[in-house]
Amino acid sequence: MSIKGYETKCHCGTVKVAIFNQPEFMQDCNCGLCSKSGGVWGYFKPSEVEIEGDTGSYTRSDYPQPAVEIHFCKNCGSTTHWILTKEHVASVGSNDQMGVNMKLFDSDDLTGIELRFPDGKNWTGEAEFGFRRQAVILGEDFTL
């Protein structure tokens, strides 16, 4: 992997993920997709992330125009990242964001990052996210 900084892998080691820097913040969303896929998301530009290994993907079918495609290891099932769907990119005109499942990283690599708790379960899509509770800074008192 050419990106240096923080590297991790899925449970079985088949899929490797590398990021250059820590994310600005992470989100532990409670919507059905995020909670069932087990992701705590750090946000990056696609050029800031390197994925190595074969992944499967899932795009939700309960939304008329889903925004993200979740990726996971085909061998062990670990959720690794998400990318924007082609339809979403076409509708917004850019592909400038992806999410990486930060639960894959060692907790020492996450020290100092703000963890937010958006209420995606009750989000209507019409305004900004509400939050279930106050954000925390990861460190000695709180880890993933």
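Everything discussed here concerns the structure shown above.
Keep in mind that what you see is a predicted model, and the values were worked out from it rather than measured.

(A) Here's a closer look at the sheet that holds strand 7 (residues 68-73). In spatial order, the strands read 6-7-8-9-4-3-10-11; together these eight strands make up an open sheet with mixed pairing. Each edge of the sheet is formed by a strand with only one pairing partner; in this case those strands are strand 6 (55-58) and strand 11 (131-137). Shown here is a sheet whose adjacent strand axes are inclined to one another by a mean of 25°, direction ignored. Pairing of strand 6 with strand 7 involves four bridges; the strand directions are antiparallel. When the sheet's bridge partners are listed, G56 is paired in strand 7 with F72.

(B) The arrangement of the packing of aromatic side chains in detail. Within this structure, the stated rule accounts for four aromatic pairs. Plain terms: the ring middles of F25 and Y43 are 5.6 Å apart, the flat faces sit at 40° to each other, and that makes the pair tilted. Here F25, found in strand 3 (residues 25-27), pairs with Y43, found in strand 4 (residues 41-44); they are 18 residues apart in sequence, far enough to count as distant. Looking at Y43, the relative accessible area reads 22%, which means it is partly exposed. A ring pair is formed by F117 and F142, whose centres lie 6.5 Å apart and whose planes are at 85°; its orientation type is edge-to-face. Here F117 is found in strand 10 (residues 114-118), whereas its partner F142 is found in the segment after strand 11, with 25 residues between them in sequence. Owing to a relative accessible area of 3%, F117 belongs among the buried residues under this scheme. Taken together, the ring pairs in this structure connect F25, W41, Y43 and W82 into an aromatic cluster. Cation over ring: R116 sits above F25, and NZ or CZ is 3.7 Å from the ring centre. The lysine or arginine in question, R133, covers the ring of F117, its NZ or CZ lying 4.0 Å from the ring centre.

Each value, and the rule that gives it
- What you see as residue numbers is a count from 1 along each chain, following the sequence as written.
- Reporting of local features is limited, given that this is a predicted model, to residues whose pLDDT is at least 70; pairs of side-chain atoms are given and counted only at 80 or more, and all residues count toward the totals for whole chains, interfaces and linings.
- Note: side-chain values were computed over all heavy atoms of the structure, leaving out hydrogens and water.
- Two strands qualify as a pair provided DSSP detects at least 2 bridges between them.
- Put simply, DSSP H or I for four residues or longer makes a helix, DSSP E for two residues or longer makes a strand, and each gets a number counted from the N terminus.
- To obtain each axis, a line is fitted to C-alpha atoms, and for helices this fit is confined to the stretch in contact; angles are then taken between N-to-C directions over 0 to 180 degrees.
- Within 6.5 Å between ring centres, the rings of Phe, Tyr and Trp (the latter by its six-membered ring) count as paired, and their orientation is classed by plane angle as stacked under 30 degrees, edge-to-face over 60, tilted in between.
- A simple rule labels every residue: compare its accessible area, found with a 1.4 Å probe on the protein chains alone, to the largest value its type can have, and call it buried under 20%, exposed over 50%, or partly exposed in between.
- The rule is short: NZ of Lys or CZ of Arg within 6 Å of the ring centre and within 35 degrees of the ring normal puts a charge over the ring.

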